[in-house]
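# Structural overview for review
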Amino acid sequence: MAVTLDVLSCANYYTAKNILQKDSWNFYEYSDSREAKSFLSDNNINLPKMNKYLSLYGENAFCLCCYDDEKQSLFVIRNDNDDYKLFIISKLIYN
């Protein structure tokens, strides 16, 4: 699971993002830590309840993930030394 989340969070390359977008998936990235935390809070995504998966990239990096059935979206959260990035993968369009 850790490797999959590293790939989906574009830890080292943007290949997953490019392929998903080619296949008509929407791939949203919140690279600003404050914006990512705000989005997660606004959508009641509870980070402490999620499993942490240690990243292969970054000394203290880890990833979290969850799926929202209602929004039909996968949320991948990457934390590298308390710098949060959020990636949303979905067939739906977000504003």
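Everything that follows concerns the structure shown earlier in this document.
Cut-off values and rules
- Residues numbered from 1 in each chain as written.
- Predicted model: local features only at pLDDT ≥ 70, side-chain atom pairs only at ≥ 80, totals over all residues.
- Heavy atoms only, no water.
- Helix = DSSP H or I, 4+ residues; strand = E, 2+ residues; numbered from the N terminus.
- Buried < 20%, exposed > 50% of the residue type's maximum accessible area, 1.4 Å probe, protein only.
- Pairing = 2+ DSSP bridges.
- Contact = heavy atoms within 4.5 Å.
- Axes fitted to C-alpha atoms, helices over the stretch in contact; angles between N-to-C directions.
- Arc of directions from axis to C-beta.

## Details of unusual backbone geometry
Even without being a glycine, Ser24 presents a positive backbone phi close to 70°. Looking at the element boundaries, Ser24 is found in the loop between helix H2 (15-22) and strand S1 (26-30). Ser24 sits in the exposed class, given a relative accessible area of 53%. Positioned with a positive phi, Asn44 is a non-glycine residue whose angle comes to about 55°. The topology assignment puts Asn44 in the loop between helix H3 (33-42) and strand S2 (53-54).

## Observations regarding the sheet that holds S2
If you walk across this open sheet you meet the 5 strands as S1-S5-S4-S3-S2, and the pairing is antiparallel. Strands with a single pairing partner mark the edges of an open sheet, and in this sheet they are S1 and S2. Here strand S3 (residues 62-68) runs beside strand S4 (residues 73-80); their pairing, made up of 7 bridges, is antiparallel. Of the residues in S4, the one forming a bridge with Cys66 is Phe75. On the sheet, H3 packs against S1, S4 and strand S5 (83-90) and is oriented at approximately 55° with respect to S5.

## Describing H2
When we look at burial in H2, the residues that qualify are Ala16, Lys17 and Leu20. Along the axis of H2, the buried residues cluster in a sector spanning 100°; they form a single face. On its buried face, H2 sits against helix H1 (2-8), S1 and S5. Directly beyond the C-terminal end of H2, a positive phi value near 70° is found at Ser24.

## Thoughts on H3
Taken together, the buried positions of H3 are Ser33, Ala36, Phe39 and Leu40. The buried residues of H3 all sit within an arc of 130° when viewed along its axis, so they share a single face. In H3, the exposed positions that point more than 90 degrees away from the buried face belong to Arg34, Ser41 and Asp42. Of the surrounding elements, those touching the buried residues of H3 are S1, S4 and S5. Immediately beyond the C-terminal end of H3, within one or two residues, lies Asn44, with a positive phi of roughly 55°.

Interpretation in functional terms is not warranted from these geometric data alone.
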